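# Geometric and topological summary
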Amino acid sequence: MLKYLTVPVTPFQQNCSILWCDETHKAAIIDPGGDLDLLLAEVARLGLTLEQIWLTHAHIDHAGGTAELAEKLNLPIIGPHPGDQFWIDGLAQQGKMFGFPHADAFKPTRWLADGDTVRIGQATLNVRHTPGHTPGHVVFHSPEIKRAFVGDVLFAGSIGRTDFPQGDHDTLIASITQRLWPMGDDTVFIPGHGPESSFGRERKVNPYVAGT
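Summarised in this report is the structure supplied together with it. Every residue gets a number counted from 1 within its own chain, in the order that chain's sequence is written. Local features are withheld for residues below a pLDDT of 70 in this predicted model, meaning they are given only at 70 or higher, and side-chain atom pairs are given and counted only at 80 or more; totals for whole chains, interfaces and linings count all residues. For the side-chain quantities, the full set of heavy atoms in the structure was used; hydrogens and water were omitted.

### Here's the deal with the overall build of the chain
Numbering goes from the N terminus for both helices and strands, where a helix is a DSSP run of H or I of at least four residues and a strand is a run of E of at least two. Along the backbone of the chain there are seven helices and 13 strands. In terms of C-alpha radius of gyration, the chain reaches 16 Å, essentially the compact-globule figure of 17 Å for 212 residues. Looking at the 212 residues of the chain, the share that counts as buried comes to 54%. For this analysis, residues touch if any pair of their heavy atoms sits within 4.5 Å. Sequence separation of 24 or more characterises 60% of the internal contacts of the chain that already satisfy a separation of 6 or more. The charged-residue count follows a simple rule in which Lys and Arg add positive charge and Asp and Glu add negative charge, with His and chain termini not counted at all. Here the site of a charge means atom NZ of a Lys, CZ of an Arg, CG of an Asp or CD of a Glu. Averaging the coordinates of the 16 positive side-chain charges in the chain and doing the same for the 24 negative ones gives two points 5 Å apart. Here the radius of gyration uses the C-alpha set of atoms, whereas the globule reference equals 2.2 Å times the residue count to the power 0.38. Note on exposure labels: buried denotes an accessible area under 20% of the residue type's maximum, exposed denotes more than 50%, and partly exposed covers the range between, all computed with a 1.4 Å probe on protein chains only.

### Topic: a nonpolar patch on the surface
A surface patch of nonpolar side chains, about 300 Å² in accessible area, is lined by F12, M97 and F98. Note on placement: F98 falls in helix α5 (residues 91-98). Take F98: its relative accessible area is 35%, and that puts it in the partly exposed class. A patch is a set of surface residues, each over 30% in relative accessible area and not in a salt bridge, joined within 9 Å for like charges and within 5 Å for the nonpolar side chains Val, Leu, Ile, Met, Phe, Trp and Tyr. Values of accessible area rely on a 1.4 Å probe in the Shrake-Rupley scheme; residue burial ignores everything except the protein chains shown. The rule for a salt bridge is simple: a side-chain nitrogen of Lys or Arg has to be within 4 Å of a carboxyl oxygen of Asp or Glu.

### Here we look at the sheet that holds strand β5 (residues 77-78)
Paired strands, as defined in this entry, are two strands with at least two bridges between them according to DSSP. Taken in spatial order, the five strands of this open sheet run β1-β2-β3-β4-β5, and their pairing is mixed. The sheet is open, and its two edges are formed by β1 (2-9) and β5, each paired on a single side. Bridge analysis of strand β3 (residues 26-30) against strand β4 (residues 49-54) gives five bridges, and the strand direction is parallel. Its bridge partner lying in β4, I30 is registered against W54. Each axis is a line fitted through C-alpha atoms, and for a helix only the stretch in contact is used; angles between axes span 0 to 180 degrees, taken between their N-to-C directions. Against the sheet, helix α1 (residues 36-45) touches β1, β2 (14-21), β3 and β4, its axis set at about 155° to β1. Strands β3, β4 and β5 of the sheet are contacted by helix α3 (residues 66-73), whose axis makes an angle of about 145° with β4.

Given below as structure tokens:
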């Protein structure tokens, strides 16, 4: 069974999630934006073996700690989609712009595409390409536990920003309605910021996508 713990990191309080297979205690970490000492302390506390880094997209608060963590523990970097290459290349500039510690660019071990799967221990998650917030954004969906890790595509009561380079509002709405909603109203999602919610709830009350 897949389990997870969400740990807010960086001044932006970005939801970094530690996922693990309860049978093997092998773990992946989604969007290690920073505060690596805190994240590694949680991995140790849970008695896990961290084996992979998964990225939803390459904004600094989600990817800022990736290169350092990968080098420190010799971990593969999985994702995002190649559309975010320019964001990876600009991580150092992003850090200066938003007052983050220096972040090195990196080369993902494996790029992701719509319809791919990722695996940790005995658990398999589905990958959907969900552009709009960034062109290379992806989400990770576990049908087994009815959870989706959606980065900055959708929030409780809101949606991702589309005013950054290569963001697009119509594309984002299409990603939500065509790629997220089919996962089911009872699927709970873990957003990149703020509390969890369900797709069913957002379809009813989120002013940006209600009724879609």
